[in-house]
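Breakdown of the fold
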Amino acid sequence: MEEALSEARAAFEAGDVPVGAVIVVAGRVVGRGRNVREVDQDPLGHAEMVAIRDACSRLGRWRLDGASIYVTLEPCVMCAGAILQSRIGEVHFSLRDPKAGACGSLYDVLRDPRQPLRCRVFEGEKAEESRRLLWAFFKSRRGVRAGQSAEG
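Residues numbered from 1 in each chain as written. Predicted model: local features only at pLDDT ≥ 70, side-chain atom pairs only at ≥ 80, totals over all residues. Heavy atoms only, no water.

Some points on the overall build of the protein chain
Threshold: Under the DSSP-based scheme used, a helix requires at least four consecutive residues in state H or I and a strand at least two consecutive residues in state E, with every element numbered from the N terminus. Computation of the radius of gyration draws on C-alpha atoms, with the globule rule given as 2.2 Å multiplied by the number of residues to the power 0.38. Only protein chains enter the accessibility calculation, which uses a 1.4 Å probe; a residue is then buried when its area is under 20% of its type maximum, exposed when over 50%, and partly exposed in between. Note on contacts: a residue pair is in contact if any heavy atoms of the two residues lie within 4.5 Å. Only four residue types enter the tally: Lys and Arg on the positive side, Asp and Glu on the negative side; His and the chain ends are excluded. To locate a charge, take atom NZ for lysine, CZ for arginine, CG for aspartate or CD for glutamate.
Across its full length, the protein chain carries five helices and five strands. Shown N-terminal to C-terminal, the secondary structure of the protein chain runs as helices and strands in the order α-β-β-α-α-β-α-β-β-α. Taken over C-alpha atoms, the radius of gyration comes to 16 Å for the protein chain, in line with the 15 Å a tight globule of 152 residues would show. Counting only C-alpha atoms, the protein chain reaches 55 × 30 × 25 Å along its principal axes. Out of the 152 residues in the protein chain, the part that is buried amounts to 44%. Taking the contacts inside the protein chain whose residues are at least 6 apart along the sequence as the reference set, 55% of them involve residues at least 24 apart. Seen as two clouds, the 23 positive and the 21 negative side-chain charges of the protein chain have centres 2 Å apart.

What follows is the structure in structure tokens.
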């Protein structure tokens, strides 16, 4: 999870929401991603999507059987769907997302018995670090917006 936090910090520095993800197979990081929605102006630029693409490219296959993804914030519906489609077997996330979480908060896409594919879900590792990083980012963004409106 520390590697995912490192990716989240890099997203913060680039001006994007600080969410990071890494994909691990047999104890080795095979994919990395961070939010790049603002940087790339891409609505699909979620950390999980970037990490999945990176892992698939590095491994030369779309099936990530036996992989685990570590992400600093609970995946949304889009990312949960991509996780299932890529056959990732385990999801580890730090912090629940009550507004968009699809791994137990709003939905439970990854463990829905109606799905033909499911994966194991673990939560809470490094939650406080993830919370502090997100809080600092949004606090800084509120300050920028407030400063812009005051000048305008």
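Still to come is the rest of the account.
Re the packing of aromatic side chains
For clarity, the cut-off: Centres within 6.5 Å make a pair out of two Phe, Tyr or Trp rings, where for Trp the six-membered ring is used; the pair is then stacked when the planes are under 30 degrees apart, edge-to-face when over 60, and tilted otherwise.
Going through the model one piece at a time under the given rule, you end up with two aromatic pairs. Pairing Phe12 with Phe137 gives two aromatic rings, centres 5.6 Å apart and planes at 80°, and the pair type is edge-to-face. Of the two residues, Phe12 is situated in helix H1 (residues 2-14) and Phe137 in helix H5 (residues 127-151); the sequence distance between them amounts to 125 residues. Relative accessible area serves as the criterion here: at 4%, Phe137 is assigned to the buried category. Pairwise contacts between aromatic rings join Phe12, Phe137 and Phe138 into one cluster.

Thoughts on the UniProt feature "binding site: Zn(2+)" (unreviewed entry) in the protein chain
Threshold: UniProt positions are given in the numbering used here, feature names are shortened, and annotations may be inferred rather than shown by experiment.
With numbering matched to this structure, UniProt assigns "binding site: Zn(2+)" (unreviewed entry) to His46, Cys76 and Cys79. Annotated residues spanning 34 residues; largest pairwise C-alpha distance 9.2 Å, indicating a single compact cluster. The topology assignment puts His46 in the loop between helix H2 (37-40) and helix H3 (47-59). The class of His46 is buried, set by a relative accessible area of 15%. Relative to the helices and strands, Cys76 resides in the loop between strand E3 (67-73) and helix H4 (77-85). Once residues within four sequence positions are removed from consideration, Cys76 is found in contact with His46, Ala100 and Ala102.

Brief notes about unusual backbone geometry
Even without a glycine there, the phi angle at Arg87 is positive, about 70°. On the secondary structure map, Arg87 appears in the loop between H4 and strand E4 (90-95). Judged by relative accessible area, Arg87 falls into the partly exposed class, the value being 22%. Here Lys126, not a glycine, exhibits a phi torsion of approximately 60°, which is positive. Tracing the chain through its elements places Lys126 in the loop between strand E5 (120-123) and H5.

Remarks on H4
Among the residues of H4, Cys79, Ala80, Ala82, Ile83 and Leu84 are the ones counted as buried. In the core, the buried residues of H4 are packed alongside H3, E3 and E4. Note on H4: the residue one or two positions beyond its end, Arg87, has a positive phi of about 70°.

Description of the pattern of salt bridges
Spelled out, the test is: In what follows, salt bridge is the name for a side-chain nitrogen of Lys or Arg lying within 4 Å of a carboxyl oxygen of Asp or Glu.
Following the criterion strictly, the structure yields 14 salt bridges and no others. Arg9 is paired through a salt bridge with Glu2; the nearest N and O atoms lie 3.3 Å apart. Of the charged contacts, one joins Glu128 and Arg131 as a salt bridge, the two residues approaching to 2.9 Å between their closest N and O atoms. Of this pair, Glu128 and Arg131 both sit in helix H5, separated by three residues, roughly a single helical turn. Three or more residues joined by partner-sharing salt bridges are found here, namely Glu2, Arg9, Lys126 and Glu129.

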